[in-house]
Amino acid sequence: MSSDATLSRIRLPMAALLAVLTVVYAVVVIRAPIDSVQGVIQKILYVHPPLAYGAYLGFIVTGIGGALYLWRGRESYDRMAIAGAEVGVVFCTLMIVTGPIWARGTWGKWWSWDPRLTVTLMLWFVYLAYLLLRSFSEGGERTARLAGVYGILGVVLIPLNYYVIEIFDRRSMHPENLERGSLGAGMGWPFAIANLTLFVAFVYLVLLRWEVASLEDRALRTRTQGEGS
Amino acid sequence: MSYVIAAYGVTVVTLVVYALLLEARRRALERELRPPGGGPQDPTRA
């Protein structure tokens, strides 16, 4: 069985699971308790951090895919790296959009150049540049190797992004990282369901993008063979 | 409330549109790779 068929076989049950989880997610977010300080706007909690985790995961997939490609030389790993970067950038873009919506309602302004927001923007630019590098180049082994190294180096920004509030001694408008017990009563389950739903959505999209990348390579090879004969 | 709707709305619409675009691209590529006259797309996938 080819790798395309394997990806497709894994992806289809995930689509069904995602459909069910989306309904559960909507119900638990609507029924989640309203925060006594922030009010209803605090419900953005159930979408903004899960998007951030999805973005981190996407860029980690890119780093792992790049490392495996450099080590084993299999094109499939390079395609996995591309899928991780693209889905990671989509999640990171949504994190950057939903964050200011929440900030406008609580801080009174859309953006603040505080450490967490600045490093997040840097992370977004790094992987946007990765995708531009891939789309503007001819492809081939040299590009894949360069992209592999670049993708691995970009991962360094993830722990920096996560711990930047502690590094700057909490001189940040952004709240501290969530810890066990830091959520209000009744908010733990909705947060867990939100993370699970967006994680399944992330995996589904990575598998679909990986499959597309694989088909694109096959189509390119077919076209090249057609021109050569 | 409008901020909450905006945050969830932009997320759901973006993810759904992105998934649909990928699915359309996947189907177009499968059509392109399908040999003329039907049959399996690829002997290795049979």
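Scroll up to find the structure.
As the structure is a prediction and not an experimental result, all values here were calculated from the model. (Residues numbered from 1 in each chain as written. Chains lettered and ligands numbered in written order. Predicted model: local features only at pLDDT ≥ 70, side-chain atom pairs only at ≥ 80, totals over all residues. Heavy atoms only, no water.)

Asker: Help me get a handle on a nonpolar patch on the surface, residues and values and all.
Answerer: All names here are of chain A. On the surface, a cluster of nonpolar side chains totalling about 380 Å² of accessible area is made up of Leu-160, Tyr-163, Ile-167 and Phe-168. With respect to the element layout, Phe-168 can be found in the loop between helix H6 (157-167) and helix H7 (188-228). Given the relative accessible area of 38%, Phe-168 is considered partly exposed. (Patch = residues over 30% accessible without salt bridge, like charges linked within 9 Å, V, L, I, M, F, W, Y side chains within 5 Å. Areas by Shrake-Rupley, 256 points an atom, 1.4 Å probe, with all protein chains shown as cover. Salt bridge = Lys/Arg side-chain N within 4 Å of Asp/Glu carboxyl O. Helix = DSSP H or I, 4+ residues; strand = E, 2+ residues; numbered from the N terminus. Buried < 20%, exposed > 50% of the residue type's maximum accessible area, 1.4 Å probe, protein only.)

Asker: Describe the packing of helix H2 (residues 48-72) of chain A against helix H5 (residues 141-154) of chain A, and please don't skip the residues or the numbers.
Answerer: All names here are of chain A. Packing of H2 against H5 leaves a shortest axis separation of 8 Å and a crossing angle of 135 degrees. In terms of their interaxial angle, H2 and H5 are classed as oblique. When you trace H2 past H5, the crossing you get is left-handed. Taking contact as the criterion, the partners of Thr-62, Gly-63, Gly-66, Ala-67, Tyr-69 and Leu-70 in H2 are, on H5, Glu-141, Ala-144, Arg-145, Gly-148, Val-149, Gly-151 and Ile-152. A breakdown of the residues in the contact of H2 with H5 according to their chemical character gives 6 nonpolar, 5 polar and 2 charged. (Axes fitted to C-alpha atoms, helices over the stretch in contact; angles between N-to-C directions. Parallel < 35°, antiparallel > 145°, perpendicular 65-115°, else oblique. Left-handed = near helix turned anticlockwise from the far one by under 90°. Contact = heavy atoms within 4.5 Å. Nonpolar A, V, L, I, M, F, W, Y, C, P; charged D, E, K, R; others polar.)

Asker: Account for the interface of chain B and chain A, with residues named and values stated.
Answerer: Taken together, the contact between chain B and chain A spans 24 residues of the former and 38 residues of the latter. Interface of chain B and chain A: buried area, both sides summed, is about 2600 Å²; carbon and sulfur atoms make up 73% of it. Area buried by chain B at its contact with chain A is led by Tyr-3, Tyr-8 and Tyr-18 of chain B, which between them contribute 25% of it. Here chain B is connected to chain A by 4 salt bridges. Across the pair Glu-23 of chain B and Arg-11 of chain A runs a salt bridge whose closest N-O atoms are separated by 3.7 Å. At the surface where chain B touches chain A, the tally comes to 4 residue pairs in polar contact (both at pLDDT 80 or more). Partitioned by chemical class, the residues of the side of chain B that touches chain A number 13 nonpolar, 4 polar and 7 charged. (Buried area = accessible area lost by both parts, 1.4 Å probe. Polar contact = N/O pair within 3.5 Å; in protein donor to acceptor, adjacent residues only side chain to side chain.)

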